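Take a look at the letters that make up each chain.
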Amino acid sequence: GWQILPLGRLPPNGSTPYLYVRQPPNGHRAPTQPPPPPPHPERSKFARSVLEGSTVALISLLGLGAGGYAYSKWYKKQVLDKIENAFSRGYSSQERVALGQIALGTHPDAVQEILDREYWVPRAEQPVIDDILSGKVRGRYYLIMGERGTGKRSLLLEGMRKVHGDGIAMLEAHNDLEVFRVRLGKAIDFEYHEDYIGSLFSIRGPRDSTPLLDVERALNQMEKVALKMRKARGKPLLLIINNIHLFRNEDQGSLALLEILQQRAEIWAGNDLVTVVFTSDEHWTLEKLIPHATNMHVLNIKDIGKDTVTTALKKYRARMGEDVSQSILDEVFAKVGGRLIFLNQVAKSRDMLETCIHINRKEKSWFLNQCWILGESMDDDVEEQQKFCAAAIVLARALVLREKDANALNEEFKLPEIPLHESRQIITRADFVRQFDHINVVHIDANGMVRADSVAMQNAFREICAEEGFEEHLKATLDRLDELESLARTRDVWFREPPGRSGGEVPEQTYTAKL
């Protein structure tokens, strides 16, 4: 522009440009010519402003592009660094809440006292869980199954404490995909690009998406970190997802999420990248995972044995200054068994036997409120609900009869079990057993065996079936259900006398179960 436009040769405004005339070589003066007209001043100003504006715009675009590119590279590195920090030694906020006082800055001298108070029952499964969380066992992913309150979460927390949370991320499942998305992001410290400000540099960020796509993106970033950390650590990372039975069995979104998690678990287990650990209380999760499982290993957590329970309970009460007799310990085990959630209540109570009675009463009340039958006076409006209740009572009766057979053979104490297929045959319905498992009336273990959800629930079954008039009441209920089903399938014409002005009859209550 400076070569073409006469910007550098402009005279001052209103002055005549200086002209230097060279004498011709022959000494004669050249004929005088008029000077060339000066360039127009407005045209020169416009050319200069265009050039300056273009230069500034070009420099601005180059600076904006370089700044945006540098921010984008920095942000991606920060995302991976934050996820890597989430798996470093120590505990996240969720893990600190789960561990309680152990991870909340407790003095090291007081940690052992807390452990003795909270983890006072030795568990045979603890060494297996410790090997999984420490990375000694690899090449698999795990489904830990067991009844509610058997201590699945306590086993994992104790193993996590021993390795100080190194390489472990833990979260709780939820039936809402949006909530699960947030919990997964919090566990691995991934913000789903919600803090991304690349739009200031006109760089488009990730578009709005569904929770499933966000979960997939989070798992992609986690996979990059696992690849980066594999050489440095020499063992896989761990991702623990508790209570996957909270996913909705009938919801396609939840089933799709479970499928995504299993696909990642299969790939990661085969490459020693990440070991995924699921925990569940219900059998339907095993039914959904088994068809596509290659590297999955199932751990079945059961109630604690009698000898272990009585010994640990005696030591715990001795620390409180009480010497418990063996007869009381046997009675406690007969009422609540080896269920950890009940044992914690009993061990810390003032009167152990009174607490056991309260627990049994609560379990019996729950069963009757959910599954009691109405007898021959039921209306046709409750037919479907009473089919469910009658099936539960029939299955409970079958478990009580199976227990009597085991006692007649003097077998070692354990809860009576019935195979799943046989249970469905007993109640003549294939779908009800899974619903009984969902409301914690019975439990279906990893081997497909159906039993009462706890010793206290089995005691409730036994008490109900032993009451006088129970068999007649059950038979009347089943006959009434058959009658209602027959009425729904047939059409009869009846003639009767019209009722009087006084109205109908009030039904008389003849039998009900007692708490």
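The model shown is predicted, which means the values in this text are computed figures rather than measured ones. (Residues numbered from 1 in each chain as written. Predicted model: local features only at pLDDT ≥ 70, side-chain atom pairs only at ≥ 80, totals over all residues. Heavy atoms only, no water.)

Asks: Tell me what's going on with the overall build of the protein, and back it up with residues and numbers.
Replies: Secondary structure summary: the protein contains 18 helices and eight strands in total. Residue burial in the protein is summarised as follows: out of 515 residues, 41% are buried. Taking contacts inside the protein between residues at least 6 apart in sequence as the whole, the part at least 24 apart equals 77%. With an accessible surface of roughly 29900 Å², the protein has 53% of that area assigned to carbon and sulfur atoms. (Helix = DSSP H or I, 4+ residues; strand = E, 2+ residues; numbered from the N terminus. Buried < 20%, exposed > 50% of the residue type's maximum accessible area, 1.4 Å probe, protein only. Contact = heavy atoms within 4.5 Å. Areas by Shrake-Rupley, 256 points an atom, 1.4 Å probe, with all protein chains shown as cover.)

Asks: Describe in detail the pairing of strand β3 (residues 237–242), supporting the description with residues and values.
Replies: Within β3, six of the six residues are buried, leaving the element largely enclosed by the surrounding structure. Of the two faces of β3, the one holding Leu237, Leu239 and Ile241 and the one holding Leu238, Ile240 and Asn242 are both buried throughout. Where strand β2 (residues 168–172) lies against β3, five bridges are found, and the strand directions are parallel. The residue bridging Met170 from the neighbouring strand is Ile240, located in β3. (Pairing = 2+ DSSP bridges.)

Asks: Just give me the short version of the confidence of the model for the protein, but keep the residues and values in it.
Replies: Averaged over every residue, the pLDDT of the protein is 84; the share at 70 or more is 80%. Considering only residues more than four positions removed or in separate chains, one finds that residues 1–5, a stretch of pLDDT under 50, has five contacts. (pLDDT = per-residue confidence, 0-100.)

Asks: Talk me through the packing of aromatic side chains; I want residue IDs and the actual numbers.
Replies: Evaluation of the coordinates by the stated rule reveals seven aromatic pairs. Ring plane angle 85 degrees and centroid distance 5.4 Å describe the contact between Phe388 and Phe432, whose orientation is recorded as edge-to-face. Here Phe432 lies in helix α16 (residues 432–438) and Phe388 lies in helix α14 (residues 383–408), a separation of 44 residues in the sequence. The pair formed by Phe388 and Phe432 is uniform in burial state, with each residue classed as buried. On the numbers, 4.9 Å between centres and 55 degrees between planes, the contact of Phe388 with Phe436 is tilted. Here Phe388 is found in helix α14, whereas its partner Phe436 is found in helix α16, with 48 residues between them in sequence. Of the aromatic side chains, those joined through ring pairs into one cluster are Phe388, Phe432 and Phe436. Just above the ring of Tyr192 sits the side chain of Arg181; from NZ or CZ to the centre is 4.4 Å. (Phe/Tyr/Trp six-rings, centres within 6.5 Å; stacked < 30°, edge-to-face > 60°. Lys NZ or Arg CZ within 6 Å of the ring centre and 35° of its normal.)

Asks: Summarise the sheet that holds strand β7 (residues 442–444); cite the residues concerned and give the values.
Replies: Pairing is antiparallel across the open sheet formed by three strands, whose spatial order is β6-β8-β7. This sheet does not close on itself; its edge strands, each paired only once, are β6 (418–419) and β7.

Asks: Describe unusual backbone geometry, and please don't skip the residues or the numbers.
Replies: If you check the backbone angles, His164 has positive phi at about 60 degrees while not being a glycine. Within the element layout of this structure, His164 appears in the loop between α5 (152–162) and β2. With a phi angle near 60 degrees, Asp272 is a residue other than glycine that sits in the positive phi range. Looking at the element boundaries, Asp272 is found in the loop between α8 (252–271) and β4 (274–280).

Asks: Please give an account of the sheet that holds β3 that cites residues and values.
Replies: Strand order in this open sheet of five strands is β2-β3-β4-β1-β5, and the pairing throughout is parallel. Edge strands, defined here as strands with exactly one partner in the open sheet, are β2 and β5 (296–301). The mean inter-strand angle of the sheet, taken between neighbouring strand axes irrespective of direction, is 15 degrees. Examined bridge by bridge, β3 and β4 share five bridges and lie parallel to one another. Pairing of Leu239 across the sheet is with Val276, part of β4. Against the sheet, helix α6 (residues 177–188) touches β2 and β3, its axis set at about 160 degrees to β2. (Axes fitted to C-alpha atoms, helices over the stretch in contact; angles between N-to-C directions.)

Asks: Before we move on, can you summarise the packing of helix α11 (residues 326–336) against helix α13 (residues 352–371) with the specific residues and values?
Replies: Helix-helix packing is characterised by the crossing angle of the two axes and by the distance between the axes. The contact between α11 and α13 brings their axes to 9 Å, and the two run at 15 degrees. One way to sum up the angle between α11 and α13 is to call them roughly parallel. The crossing of α11 and α13 is left-handed. On the side of α11, the interface is formed by Ile328, Glu331, Val332, Lys335 and Val336, while α13 contributes Met352, Leu353, Cys356, Ile357, Ile359 and Asn360. Of the residues contributing to the contact of α11 with α13, the split by class is eight nonpolar, one polar and two charged. (Parallel < 35°, antiparallel > 145°, perpendicular 65-115°, else oblique. Left-handed = near helix turned anticlockwise from the far one by under 90°. Nonpolar A, V, L, I, M, F, W, Y, C, P; charged D, E, K, R; others polar.)

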